[in-house]
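# Remarks on the overall topology
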Amino acid sequence: MRPEIFDIFATPGDHQPLVFHGETNQGRWTDGELVAKGPEVRYPVRNGIPSFVRPDQDAWGDVRTVDRELERHGGRRAGLIAKNVAAMLDGWGPDQQRYRWIDRIANRGGLTLEVACGWGGGNAPLILAKDPAARILMNDLGYVVLEEWRQYISDGPQWPGVGLAHFDATDCPIQTGAVDTVSSSGGIANIANNGKALREAYRILTPGGKLFMSDIDVDPESFNQLPPPVREQWQREHNDLDIGTGYEQRLRKVGFIVNSIECSRYNLDPQESTLAELGAKHGIKMGVIGYQIEAEKE
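Below, the structure is looked at part by part.

Quick notes on the rules
Residues numbered from 1 in each chain as written. Predicted model: local features only at pLDDT ≥ 70, side-chain atom pairs only at ≥ 80, totals over all residues. Heavy atoms only, no water. Helix = DSSP H or I, 4+ residues; strand = E, 2+ residues; numbered from the N terminus. Rg over C-alpha atoms; globule rule 2.2 N^0.38 Å. Buried < 20%, exposed > 50% of the residue type's maximum accessible area, 1.4 Å probe, protein only. Contact = heavy atoms within 4.5 Å. Pairing = 2+ DSSP bridges. Axes fitted to C-alpha atoms, helices over the stretch in contact; angles between N-to-C directions. Salt bridge = Lys/Arg side-chain N within 4 Å of Asp/Glu carboxyl O. Phe/Tyr/Trp six-rings, centres within 6.5 Å; stacked < 30°, edge-to-face > 60°. Core = buried A, V, L, I, M, F, W, Y, C linked by side-chain atoms within 4.5 Å. Polar contact = N/O pair within 3.5 Å; in protein donor to acceptor, adjacent residues only side chain to side chain.

The subject of this paragraph is the overall build of the protein chain. Helix and strand content of the protein chain: ten helices and eleven strands. Relative to the globule expectation of 19 Å for 298 residues, the C-alpha radius of gyration of the protein chain, 20 Å, shows essentially globular dimensions. Viewed in the frame of its principal axes, the protein chain has a C-alpha envelope of about 60 × 45 × 40 Å. Looking at the protein chain as a whole, 47% of its 298 residues are labelled buried. Pairs at least 24 apart in sequence give 71% of the contacts found in the protein chain among residues at least 6 apart.

Written out as structure tokens, the structure reads:
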């Protein structure tokens with residue numbers, strides 16, 4: 001991670017600037033820690049990846065836990081990211097439906113935060129296919145995921161502007177107004193209480209900065225057919241009182257200007273969804289909406 005690109009980290013909560021102390025290799029961070037001035041606050045940096053997450057808060061757990069989980073779903077860690085990137089780039093070009101969407105993100109330049117990148121990398125691999133020198137901070141709540149991305153990048157593509165950081169996107173360790181673009185491809189939808197993640201996205205964006213999100217959410221029309229006590233219990237259990245309002249309303253509530261929005265709806269299978277099963281008990285077909293949204297910070 002190059003400090004001249006990623007001199008943006010701050011303490012979660014109060015957002016005090018952090019300074020790297022440690023070893024570097026050809027100008028890149030390797031091992032050390034990020035330190036705040038004043039009170040003794042330190043966050044480890046391992047293999048160039050700063051971590052702001054305690055082990056018990058890590059979304060995936062340690063390597064053994066990750067391997068067991070992947071094996072349970074018929075997968076394996078070795079080569080997984082390379083396989084996912086190759087599948088994403090297979091046939092990629094102007095005739096693809098998402099091409100113009102990705103093109104708009106890549107053409108913005110500046111610094112992009114890819115939220116909850118996961119094993120597929122979100123939009124980052126497609127942005128980098130357009131501009132290999134793009135400056136992107138890839139974030140996830142799983143350290144093992146990010147370490148696999150580090151190894152993939154070091155062994156393969158020349159992406160000099162990519163950094164990796166282990167943190168919770170609902171409490172970003174990033175200075176206010178430090179990011180030009182926030183990108184999500186299924187990332188925000190996978191964050192518990194993602195209303196907080198949207199508020200954090202707004203905070204860290206520069207004035208005029210943009211959020212590009214391609215995510216799914218509960219269909220407000222079907223959700224609001226549930227009896228009020230059932231809706232409220234679901235919201236409490238998921239620690240998110242905004243469930244059932246839709247992303248457009250959530251974004252406007254945070255302060256975003258919604259420049260464009262495209263939606264598609266489909267029903268959930270009660271055999272595969274707890275929410276759909278709950279809806280079926282009340283005679284309601286529960287649905288979700290797929291959103292593709294471009295929003296702007298004033």
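Picking up where we left off.
With that settled, the discussion passes to the sheet that holds strand β8 (residues 179-185). The seven strands are arranged β7-β6-β5-β8-β9-β11-β10 in an open sheet whose pairing can be described as mixed. Single-partner strands in this sheet number two, and they are β7 (162-166) and β10 (257-267). Geometrically, the sheet is characterised by an average inter-axis angle of 15° between neighbouring strands, direction not taken into account. Sheet strands in contact with helix α3 (residues 99-106) are β8, β9 (205-218), β10 and β11 (287-296), and its direction is about 155° off that of β9.

Close approach of charged atoms lets side chains of opposite charge pair. Evaluated as defined, the whole model comprises 16 salt bridges. Between arginine 54 and aspartate 56 there is a salt bridge, with its nearest N and O atoms 3.0 Å apart. When its relative accessible area of 60% is taken as the criterion, aspartate 56 is described as exposed. Linked through salt bridges whose partners overlap, the residues forming this network are Glu33, Glu40 and Arg42.

Following the criterion strictly, the structure yields eleven aromatic pairs and no others. Between the aromatic rings of tryptophan 101 and phenylalanine 212, the centroid separation amounts to 5.4 Å while the plane-to-plane angle is 75°, which identifies the pairing as edge-to-face. One end of the pair, tryptophan 101, is in helix α3; the other, phenylalanine 212, is in strand β9, with 111 residues separating them in the sequence. Phenylalanine 212 sits in the buried class, given a relative accessible area of 1%. Ring centres of tryptophan 149 and tyrosine 152 lie 5.8 Å apart, and the angle between their planes is 90°; on these two criteria the pair is classed as edge-to-face. Separated by three residues within a single helix, tryptophan 149 and tyrosine 152 lie in helix α5 (residues 143-155), roughly one turn from each other. Members of the aromatic cluster, connected to one another through ring pairs, are Phe9, Phe20, Trp29, Tyr43 and Phe52.

Ranked by size, the top nonpolar core spans 42 residues in total, and within it Phe9, Leu137, Ile174 and Leu251 carry the most contacts. Top element by residues in this core is helix α6 (residues 194-204). It accounts for five residues. Listed in part, the 30 residues of the second largest apolar core include Val144, Ile153, Trp159 and Phe212.

Looking now at the side chain of aspartate 240. With respect to the helices and strands, the residue aspartate 240 is situated in the loop between α8 (228-237) and α9 (247-254). At 3.0 Å, the side chain of aspartate 240 forms a polar contact with the backbone nitrogen of aspartate 242. Within the structure, the side chain of aspartate 240 is placed 3.3 Å from the side chain of arginine 250, a separation counted as a polar contact. In contact with aspartate 240, other than residues within four places in its own chain, are Asn193, Asn194, Gly195, Gln235 and Arg250.

By themselves these figures say nothing about function.
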